[in-house]
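# Architecture at a glance
Below, each chain spelled out in residue letters.
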Amino acid sequence: MDIIWILLEALIKAVVILNLILLFAAALGVWAERKVSAWIQNRIGPNRVGPFGLLQPFADVFKLFMKEDLIPKAADKTFHRIAPIITLGIAISVYAVIPFADDVKIGDKIYQMGIAPDLNIGILFVLALTSVGVYGITLAGWSSNNKYSLLGGLRSSAQMISYELSMGLALVGVLMIAGSLSLNEIVSKQDVIWRWNVIFQPLGFILFLVSSFAETNRTPFDLPEAEPELVGGYNTEYSGMKFGMFFLAEYANMATSSAIIVLLYFGGWQLPFPADWLGLQQGSIALAVAQFINFMLKIAILVFFFIWVRWTVPRFRYDQLMNLGWKVLLPLALLNVLLTAVGIWLLK
Amino acid sequence: MNIRKNSEAERLSFWEKLYLPEIAKGMGITFRQMFKPKFTRQYPEEVWIPTGSYRGRPVLVNEDDGERCVACGLCSRVCPALAIEVQAAETDRDKERYPEKFEINMLRCIYCGFCEEVCPEEAIVMSKDYDLVFTSQEEAILGKDKLLVHISKLQDRLEFLRQYK
Ligand code: SF4
Ligand code: SF4
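Everything numeric here is computed off the predicted structure, so don't read it as measured data.

## A look at the packing of helix α8 (residues 202-215) of chain A against helix α10 (residues 240-265) of chain A
Two quantities define a packed helix pair, namely the angle between the helix axes and the distance between the axes. All names here are of chain A. Axis separation between α8 and α10 bottoms out at 11 Å; the angle between their running directions is 170°. Here α8 lies roughly antiparallel to α10, going by the angle between them. Where α8 approaches α10, its residues G204, F205, F208, L209 and S212 are matched on the opposing element by S257, I260, I261, L264 and Y265.

Structure (structure tokens):
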């Protein structure tokens, strides 16, 4: 009987979180991207559909639904169909382990704010999933049977290998400080602003940030879809809602990366000041709401940062990208681990 | 100065090689751009009115006592897109001839302005109309009823032609 309730609870959470995050965050992300890019280029941006053009992304998706779905004759049909599902599915499933607020006590039952936030290998799970996500892109590139798509897919996997490494190593610093792989534990260690990991790990933070740009295929590292060289990269041969899925996955990925950066370096759902300053009780619903809003705000700021960088920095060349990954980020990540170890050893 | 360092990477200073300070600078620039005035024109509400030099839809000049065109057919002859069809007829007025039928197929017209240039009577000129929408091919063939525009509305263009033609 118990197991059914637990499953039901997880299901309800999953539906709520997926709807909220995927539909809302991805749509808002698309909207924000168009608005910010417009502002940077002295334009107004979409303002016709809904107030401030807020419904524009829904109109876009609706349009994509109406479009003809073309599959090239020479494509591998099965994989061509599966690839966008993998990409989007992986982008969503990372939310399984992300905690959105502190545990809430109602009566004598404790509810966790997240699908499975207490998973003790949380961050490993995230790393594993994000690297599976690249399969979607590589498969898309390969199965399209188009030279540009293939190049995009190959680039994506090469990029993944060279950045996953420094990303993982940059993380090690945080894990050493927290002493745990569980995201909840990492967050609860950073309860006030001066205990946020970004203060102890400035180098690690920058390394992680740069790698997440590469990981999410955003400019300046959007080589898999580099328009001027590769037409559309891995999604050249996609149309209609399949293209839409890649499109949504990009924004879902961006939101995911932002969430992980916030969790690891900016205190996650923890308020920047001690919670009693607001007069809210530990475990109360009001506090959870405040923490949730706080978490979402932090994510929004980071998403804005992602967009802002995209419209500022030009794309790196492929060899520059590889040089940066292997010759700069990797040694620096190792150095960061060393420095953290020395720091912890001295402070002990 | 002789440039001895042969690759760009060798010419950069240490801070430039770090990328990050330069990127931060660039981001400062884009951030400031966000608050600058916008250039966007909200088109259907804010209409753009061109000056006399604009080449919009070609129209026939209509004076108080009738059109200027004498149906010489030069415009039809010169039109590179074969958009104009003229059929001449006789009239009692001084000019003796007038176009019985004058049609411009706006789906063919490329707005080159040759018809205007070649016309001996300054009877066909380019107007300021640019929002041309048709729902069928037949509708896009404009007859005399749509082409004749009173001279008072074409002063800008006539003035421009007088100065620069
Ligand atoms: S518009 Fe001018 S060129 Fe054309 S037929 Fe009339 S007079 Fe001749
Ligand atoms: S503008 Fe050019 S294309 Fe159009 S009717 Fe005149 S000559 Fe023909």
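## Observations regarding the site of ligand 2
Close contacts around ligand 2 come from C79, P80, I84, C109, I110, Y111, C112, G113, F114, C115 and M126 of chain B, and that covers them all. A class-by-class count of the residues in the shell around ligand 2 yields 10 nonpolar, 1 polar and no charged.

## What to know about helix α12 (residues 318-347) of chain A
All names here are of chain A. Spanning 30 residues, α12 covers 42 Å between terminal C-alpha atoms, matching the ideal 44 Å at 1.5 Å per step. Within α12, the axis deviates most sharply at L329, by approximately 35°, and proline P331 lies no more than four positions further along. Among the residues of α12, L321, M322, L324, G325, L329, L330, A333, N336, V337 and T340 are the ones counted as buried. Of the surrounding secondary structure, the elements contacted by the buried residues of α12 are α5 (147-178) and α8.

## Some details on the packing of aromatic side chains
Taken as a whole and assessed by the stated rule, the structure comprises 21 aromatic pairs over all chains. Here the aromatic rings of F213 of chain A and F306 of chain A are separated by 4.4 Å at their centres, their planes lie at 25°, and the arrangement is stacked. Pair noted here: F213 of chain A is in helix α8 and F306 of chain A is in helix α11 (residues 285-310), with a separation of 93 residues, a long-range link. Here the two residues F213 of chain A and F306 of chain A agree in accessibility, since each one is buried. Seen from their ring centres, W48 of chain B and Y54 of chain B are 5.2 Å apart, and the 85° between their planes marks the pair as edge-to-face. In textbook terms, an aromatic cluster arises when at least three aromatic residues are bridged by ring pairs, as seen for F213, F304, F305, F306 and W308 of chain A together with F31 and F35 of chain B. The positively charged end of R155 of chain A is found above the aromatic ring belonging to Y318 of chain A, 5.2 Å away from the centroid.

## Comments concerning the interface of chain B and chain A
By a widespread convention, an interface's size corresponds to the accessible area lost as its parts come together. Taken together, the contact between chain B and chain A spans 17 residues of the former and 18 residues of the latter. Of the roughly 1500 Å² buried between chain B and chain A on both sides combined, carbon and sulfur atoms contribute 68%. Per-residue buried area on chain B facing chain A is highest for M27, M34 and K38 of chain B; these three make up 35% of the total on that side. Along the contact surface separating chain B from chain A lie 1 salt bridge. When the shortest N-O distance is used, the salt bridge between R48 of chain A and E45 of chain B registers 3.2 Å. Residue composition of the side of chain B that touches chain A, grouped by class: 9 nonpolar, 5 polar and 3 charged.

Criteria and thresholds
- Residues numbered from 1 in each chain as written.
- Chains lettered and ligands numbered in written order.
- Predicted model: local features only at pLDDT ≥ 70, side-chain atom pairs only at ≥ 80, totals over all residues.
- Heavy atoms only, no water.
- Axes fitted to C-alpha atoms, helices over the stretch in contact; angles between N-to-C directions.
- Helix = DSSP H or I, 4+ residues; strand = E, 2+ residues; numbered from the N terminus.
- Parallel < 35°, antiparallel > 145°, perpendicular 65-115°, else oblique.
- Contact = heavy atoms within 4.5 Å.
- Near = heavy atom within 4 Å.
- Nonpolar A, V, L, I, M, F, W, Y, C, P; charged D, E, K, R; others polar.
- Expected span 1.5 Å × (residues − 1).
- Bend = angle between axes of the 7 residues up to and from the residue.
- Buried < 20%, exposed > 50% of the residue type's maximum accessible area, 1.4 Å probe, protein only.
- Phe/Tyr/Trp six-rings, centres within 6.5 Å; stacked < 30°, edge-to-face > 60°.
- Lys NZ or Arg CZ within 6 Å of the ring centre and 35° of its normal.
- Buried area = accessible area lost by both parts, 1.4 Å probe.
- Salt bridge = Lys/Arg side-chain N within 4 Å of Asp/Glu carboxyl O.

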